[in-house]
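Notes for the structure review
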Amino acid sequence: WRGREGAPYSTLVPSDEVTINCRHGLPVITLTLPTRSERCRFTVKPMVTTVGAFLQDVQREDKGIERAEVFATDGSKVSDATLMEVLLMNDFKLVVNNTAYSVSPPAKEMLSSEHATEMEDIKSLVHRLFVALHLEDHQIRKERELLQKLDHLKEELLPLEQMKARITDRADAKTSRLLWVGLALMSTQGGALAWLTWWVYSWDIMEPVTYFITYGSAMAFYAYFVLTKQDYIYPDAKDRQFLHYFYQKSKKQHFNVERYNKLKEDLAEAEESLRRLRQPLHLRLPIQEINDKD
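Keep in mind that this is a model prediction, so the values were computed, not measured.

This part takes up the side chain of Asp-62. Mapped onto the fold, Asp-62 is located in the loop between helix H1 (51-61) and strand S5 (68-72). If near-sequence neighbours (up to four positions away) are discounted, Asp-62 is found in contact with Leu-33, Pro-34, Thr-35 and Arg-36.

Our next topic: the confidence of the model for the protein. Of all residues in the protein, 78% attain a pLDDT of 70 or more, and the chain-wide mean is 77. Of all helices and strands in the protein, the one with the weakest mean pLDDT is strand S1 (residues 11-13) (54), whereas S5 scores best (88).

Our next topic: the packing of aromatic side chains. Across all of its chains, the model carries seven aromatic pairs by this definition. Aromatic pair Tyr-211 and Tyr-215: ring centres 6.4 Å apart, planes at 20 degrees, arrangement stacked. Of this pair, Tyr-211 and Tyr-215 are both found in helix H4 (residues 203-228), four residues apart, which corresponds to roughly one turn of the helix. When its relative accessible area of 51% is taken as the criterion, Tyr-211 is described as exposed. Their ring planes at 80 degrees and their centres at 6.3 Å tell us that Phe-246 and Phe-255 sit as a pair that is edge-to-face. Among the residues examined, Phe-246 registers a relative accessible area of 8% and is labelled buried. The class of Phe-255 is buried, set by a relative accessible area of 6%. Feature note: the residues Phe-246, Tyr-247, Phe-255 and Tyr-260 constitute an aromatic cluster, connected by ring pairs.

Moving on, we get to a nonpolar patch on the surface. A cluster of nonpolar side chains, namely Trp-195, Trp-198, Trp-199, Val-200, Tyr-201 and Ile-205, defines an oily patch on the protein surface of about 780 Å² accessible area. A total of four residues in the nonpolar patch trace back to one element, the largest contributor, which is helix H3 (residues 108-200). Relative to the helices and strands, Tyr-201 resides in the loop between H3 and H4.

With that out of the way, let us pick up H1. When H1 is considered as a whole, its buried residues turn out to be Val-51, Gly-52, Phe-54, Leu-55 and Val-58. Around the axis of H1, the buried residues are gathered within 160 degrees of arc, so they sit on the same side.

Counting buried positions along strand S6 (residues 92-96) gives five out of five residues, so the element sits mostly inside the fold. Neither face of S6 is left uncovered, since the one carrying Phe-92, Leu-94 and Val-96 and the one carrying Lys-93 and Val-95 both have all their residues buried. One ladder, built from five bridges, connects S5 with S6; its direction is antiparallel. Within S6, the position partnered with Phe-71 by the bridge is Lys-93. Here S6 folds back onto strand S7 (residues 99-103), and the loop between the two strands holds two residues, one of which, Asn-97, carries a positive phi near 55 degrees.

Conventions we followed
Residues numbered from 1 in each chain as written. Predicted model: local features only at pLDDT ≥ 70, side-chain atom pairs only at ≥ 80, totals over all residues. Heavy atoms only, no water. Helix = DSSP H or I, 4+ residues; strand = E, 2+ residues; numbered from the N terminus. Contact = heavy atoms within 4.5 Å. pLDDT = per-residue confidence, 0-100. Phe/Tyr/Trp six-rings, centres within 6.5 Å; stacked < 30°, edge-to-face > 60°. Buried < 20%, exposed > 50% of the residue type's maximum accessible area, 1.4 Å probe, protein only. Patch = residues over 30% accessible without salt bridge, like charges linked within 9 Å, V, L, I, M, F, W, Y side chains within 5 Å. Areas by Shrake-Rupley, 256 points an atom, 1.4 Å probe, with all protein chains shown as cover. Salt bridge = Lys/Arg side-chain N within 4 Å of Asp/Glu carboxyl O. Arc of directions from axis to C-beta. Pairing = 2+ DSSP bridges.

Here is the structure:
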């Protein structure tokens, strides 16, 4: 094999004299220095280091090296400006003085896999260091922010809570009156039917009347189901009537129900976040993730 200007090399060394391995995600080129006859490692940054910079490092390490060049397998010289990342994609010849080393870089998949593993280890180490150094300050700062948010939400909710309590009392009182009115009407109806049956008419006359009253009540309950899509159950009917009066009163007194519900949700979320934040502060455990929805 001939180098530049056709000059033959005195020695062509097998590829095991120059090895390339990956350490900490970076290629490490190991070769034997001709003057000192000892193995030397050169760590390169593929995306930054050029071929010329690598050859200069080799010559600085062994002052007896007068010539250091890199050639492709077809005999063409590799420019000093070429990045090592490009050079390590294919086999090449490293010429030191009059000795040519045949170099076979490891497969790119192997380098990528080792690089990915090293990067994951580095990320994990950096994360643990950050947690050890800054977690407590971050927790204290976050706790202070949550406490301030809680105070602000409670100040906004205080007048709304007072207004809601007044509206709730009025709606509950009106619902109770409606229930008592219903009981009074049913009692009056029962007394009227008994009076008509025993003192005015006979049962033969009143029986059809009571039948149609019962049938009309069944129609009323069915109409309730058609309109509300719910069975007529007394507790549910009471709650439905209470909500009707509550929203009616809220509209009259300009009580914003949607804003009140939103503040209550934010308050509950902040209290839960504070609880989760304080737990690892006492137990000295890693902080749980807190989803901010500010």
